[in-house]
Amino acid sequence: MMRKHVILLFLMALLLSACTEQLPQANYDVIPLPKEVKRIEAKPFTLREQTVVYYEEGLHREAQFLSEYVNDLMGYPLATTPFNGETDGIVLRLVPDDFTQAEAYDITITPHQVTLKGSDPAGVFHGVQTLRKSLPIAHLPIALPCGQIHDWPSFAYRAMHLDPCRHFMDLDSVKIYIDMLALHNMNQFHFHLSEDQGWRIEIKKYPELTRVGAYRNGTVIGRNGRLYDTIRHGGFYTQEQLRELVQYAAERHVNIIPEIDLPGHMQAALASYPWLGCTGGPYEVWKRWGVSDDVLCAGNEPTMQFVEDVLNEVMDIFPSPYIHIGGDECPKVRWERCPKCQAKIKELGIKADERFSAEDYLQSYVMNRMAKVVEARGRRVIGWDEILDGNVSETAIIMSWRGTEGGIEAARRGHDVIMAPASHLYFDYYQSEDPATEPSCVGGYLPVSRVYEFRPLPRELTPEQQKHIIGVQANIWTEYITSFHHVEYMAMPRMDALAEIQWNNPDPEKRDFDAFVERCRHMAELYDLYHYNYAKQIFSPQVYTDTVAPNLATHKPIYLREQPNEQYASTGATVLNDGEMGRIAYTSGRWLGFWGQPLDAVIDLEQTATLNHVRFRALVNKGAWIYNPSHASVLVSDDGENFREVAQLDIPITTWLDKDGNFTYELTFEPVAARFVEVIIKDHMLPEDHDGYGYPAWIFVDEIEIN
Ligand code: ACM
Ligand code: ZN
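For the structure given in this document, a descriptive report is provided here. (Residues numbered from 1 in each chain as written. Chains lettered and ligands numbered in written order. Predicted model: local features only at pLDDT ≥ 70, side-chain atom pairs only at ≥ 80, totals over all residues. Heavy atoms only, no water.)

## Examining helix α17 (residues 494–504)
- Among the eleven residues of α17, eleven are classified as buried, and the element is accordingly described as predominantly covered.
- Taken together, the buried positions of α17 are Arg-494, Met-495, Asp-496, Ala-497, Leu-498, Ala-499, Glu-500, Ile-501, Gln-502, Trp-503 and Asn-504. (Buried < 20%, exposed > 50% of the residue type's maximum accessible area, 1.4 Å probe, protein only. Helix = DSSP H or I, 4+ residues; strand = E, 2+ residues; numbered from the N terminus.)

Below is the structure:
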């Protein structure tokens with residue numbers, strides 16, 4: 001009897017341990033990867049329906065979030081209750097004295113308790129996110145392996161930007177964006193609220209801004225072509241909605257930084273109040289993309305008062321310690337001819353010097369004046385890196401977008417800096433080399449791997465200067481992004497890579513891309529769960545037929561009579577017959593770029609051969625001034641000196657309604673025997689409907705094949 005009992009117990013124990021082992025397991029290797037994860041061999045903590053989340057004072061909302069997340073993942077909300085010294089369950093604690101840094105947290109997992117301590121509620125919230133991301137999507141119970149996590153952010157400022165001006169994104173969409181930021185441990189949301197193409201924030205003192213400025217009566221078709229649709233597009237956020245949004249974000253420990261972009265990118269405001277501009281208009285809410293010449297009149301005192309009033313209402317709504325006042329892409333052509341602006345220059349005693357024009361200094365005057373308005377209310381201004389042109393006050397934070405150079409200069413000049421370079425962090429660029437398979441976007445090529453390589457602390461700066469780099473941010477401009485669904489696709493998973501830079505490690509040499517991709521797989525499960533749209537290229541790297549079949553030209557001696565543009569010379573002429581084809585990224589080094597001169601290549605076939613066919617590829621990226629060639633010709637020679645033409649091809653210029661991409665051109669001729677082949681490819685001039693009208697178009701050519 002006794003023996004039977006023992007055996008039964010033994011069997012039950014076996015069964016039980018088998019059960020725990022088979023429980024779905026949490027995995028703390030989340031995104032962003034915590035700084036330190038230590039695993040301890042012990043019976044795991046079991047998360048069950050009965051598990052309670054205890055919270056110390058001030059952490060009620062954090063506890064609720066954890067309960068909601070468990071419900072999302074496992075279909076069961078955990079009970080939450082104030083901490084009462086209980087030792088079983090999950091405990092959220094606020095222990096500022098245990099930490100030296102804001103937003104830091106520790107998690108200790110023992111067989112009976114998960115203790116999450118934070119330096120502040122934000123730290124606890126990030127710890128809750130780590131727990132959330134570590135959990136499998138499964139039914140309870142779940143096993144949490146024992147161990148310890150120590151974690152803190154590398155950068156105090158961790159942001160994404162969104163432009164709801166080019167295409168309006170409704171309030172619910174913006175809330176989802178904030179959810180996405182919170183999931184990635186980001187704490188700042190840069191909300192770009194004014195543009196040439198639409199004003200998006202209700203300003204009580206200036207109702208025309210939203211009555212008129214929030215709507216445009218059509219949008220250019222294609223890439224700034226000649227045709228427009230006639231669909232009225234727009235929308236705006238009421239102050240009440242924005243206050244609700246501020247609250248929503250604050251609960252998720254995200255601060256909203258409003259941007260009023262000035263003195264350029266103001267055409268929607270000018271359309272609302274034409275007296276704001278130098279010419280007095282009339283203006284319309286812009287239907288094109290790009291940079292409008294019509295900007296705020298810096299010499300008109302009522303215009304300056306308008307900006308001050310707007311900023312004050314903005315600060316009434318947004319408690320943000322940072323207020324973004326733009327400053328990018330402000331053409332000075334109106335100011336140069338405006339009597340008021342010129343009088344202001346005289347009045348202020350502004351003089352041009354060898355570095356900057358009087359109008360550049362006039363912009364500094366505007367930016368510094370608005371910085372004072374903002375600083376008077378205890379806030380700081382952020383501006384795009386153009387505001388370094390002139391004598392901007394050192395208190396302004398510089399957002400480096402035209403590469404990292406502006407940020408480097410700013411840090412040397414004593415400014416705090418946010419790194420957001422287009423080269424690595426403009427998430428409005430393509431994620432694939434094959435745009436035919438992608439929703440259309442502004443162009444370029446910025447895969448997750450390139451984001452992951454970003455080095456936010458430039459080596460050019462001393463450690464002391466590097467302390468000025470307070471944060472890292474990615475931007476999503478929406479000229480070609482017409483829905484929030486598409487915004488999500490552009491954001492993820494590039495924002496996973498960004499999150500690791502911001503939070504885990506600023507040193508790209510200490511990051512492991514393959515391990516990162518593995519961690520992304522669980523994030524993708526979460527994205528599916530939350531119905532987020534995301535790009536999947538990293539999970540199934542695309543395999544291109546990147547090579548051309550060997551032909552008479554492959555790897556033969558080749559030289560160029562005209563050198564390519566220095567920036568796009570890659571490794572030289574051999575790019576053209578190395579057997580490897582360029583895709584859409586003109587920066588890939590697989591293309592040679594020529595500007596203002598033809599491609600003129602001579603290939604030595606090394607022996608006399610019979611040929612009747614030459615083929616080459618060229619790129620079209622109209623936004624980047626890259627057009628198809630205008631003309632191609634093939635010449636042959638027996639001695640490499642005397643050439644005779646055997647074929648030529650006229651190529652009509654591509655139009656805005658034609659797709660950009662990678663095109664093949666072929667020249668076929670009567671079979672001819674020759675040893676040397678010369679290929680000449682000429683450019684078009686940019687057409688009248690292009691911003692660069694009057695300049696030559698670029699040509700980008702790759703792989704020349706001869707058969
Ligand atoms: C910008 O992309 N114009 C800041
Ligand atoms: Zn003016």
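## Thoughts on the side chain of Glu-500
- Mapped onto the elements, Glu-500 comes out in helix α17.
- Reaching out from Glu-500, the side chain makes a polar contact with the side chain of Arg-519 at a distance of 2.7 Å.
- Dropping the residues within four chain positions of it, Glu-500 is found in contact with Val-30, Ile-31, Pro-32, Leu-33, Tyr-452, Asn-505, Phe-516 and Arg-519. (Polar contact = N/O pair within 3.5 Å; in protein donor to acceptor, adjacent residues only side chain to side chain. Contact = heavy atoms within 4.5 Å.)

## Quick word on the sheet that holds strand β7 (residues 113–118)
- One open sheet accounts for seven strands, arranged β1-β9-β6-β7-β5-β3-β4; its pairing is mixed. Both outer strands of the open sheet, β1 (36–39) and β4 (79–82), are each paired with one neighbouring strand and no more. The sheet shows a mean angle of 15 degrees between the axes of neighbouring strands, taken without regard to direction.
- On the sheet, helix α3 (residues 121–134) packs against β5 (89–94), β6 (105–109), β7 and β9 (147–151) and is oriented at approximately 140 degrees with respect to β7. (Pairing = 2+ DSSP bridges. Axes fitted to C-alpha atoms, helices over the stretch in contact; angles between N-to-C directions.)

## Let's talk about the coordination of the zinc ion (ligand 2)
- The coordination sphere of the zinc ion (ligand 2), as far as protein atoms go, consists of Cys-278 (SG), Cys-297 (SG), Cys-338 (SG) and Cys-341 (SG), spread over 2.3 to 2.4 Å.
- Here the zinc ion (ligand 2) is ringed by four donor atoms whose angles at the metal span 107 to 113 degrees, and the overall shape comes out tetrahedral.
- Mapped onto the sequence, the donors of the zinc ion (ligand 2) take the spacing C-x18-C-x40-C-x2-C. Separated by 60 residues along the polypeptide, Cys-278 in the loop between α7 (267–272) and α8 (301–317) and Cys-338 in the loop between α9 (333–337) and α10 (339–347) bring together distant segments of the chain. As far as the burial class goes, Cys-278 and Cys-338 line up, both buried. (Donors = N, O, S within 2.8 Å, 3.2 Å for Na, K, Ca; no water. Tetrahedral: all angles 85-135°; square planar, octahedral: opposite > 155°, others 65-115°.)

## Some thoughts on α3
- An ideal rise of 1.5 Å per residue puts 20 Å on 14 residues; α3 measures up with 20 Å between its terminal C-alpha atoms.
- Here α3 lies mainly inside the structure; 13 of its 14 residues are buried. (Expected span 1.5 Å × (residues − 1).)

## Description of the side chain of Asp-328
- Along the chain, Asp-328 turns up in the loop between β17 (322–326) and α9.
- Buried within the structure, Asp-328 lacks any salt-bridge partner; Arg-166 is the closest side chain of opposite charge, at an N-O distance of 6.6 Å.
- Of the polar contacts made by the side chain of Asp-328, one reaches the side chain of His-265; its length is 3.4 Å.
- With residues near it in sequence (within four places) discarded, Asp-328 still touches Asp-261, His-265, Trp-384, Glu-386 and Trp-401. (Lys, Arg positive; Asp, Glu negative; His and termini not counted. Salt bridge = Lys/Arg side-chain N within 4 Å of Asp/Glu carboxyl O.)

## A few points about the nonpolar core
- Formed by 156 residues in total, the largest nonpolar core has its most connected members in Leu-47, Leu-144 and Met-160.
- At ten residues, the largest contribution of residues to this core is made by helix α11 (residues 358–375).
- Setting aside chain neighbours within four positions, we find Leu-47 in contact with Val-70, Met-74, Leu-78, Ile-90, Leu-135, Leu-140, Pro-141, Ile-142 and Leu-144.
- Leu-560, Leu-599, Val-672 and Val-701 belong to the second-largest nonpolar core, a separate cluster that totals 34 residues. (Core = buried A, V, L, I, M, F, W, Y, C linked by side-chain atoms within 4.5 Å.)

## Notes on the pairing of strand β23 (residues 469–474)
- Here β23 lies mainly inside the structure; six of its six residues are buried.
- As judged from the three bridges shared by strand β20 (residues 417–419) and β23, these two strands associate in the parallel manner. Residue pairing across strands places Val-417 opposite Ile-469, the latter belonging to β23.

Treat this as a map of the structure, not an account of what it does.
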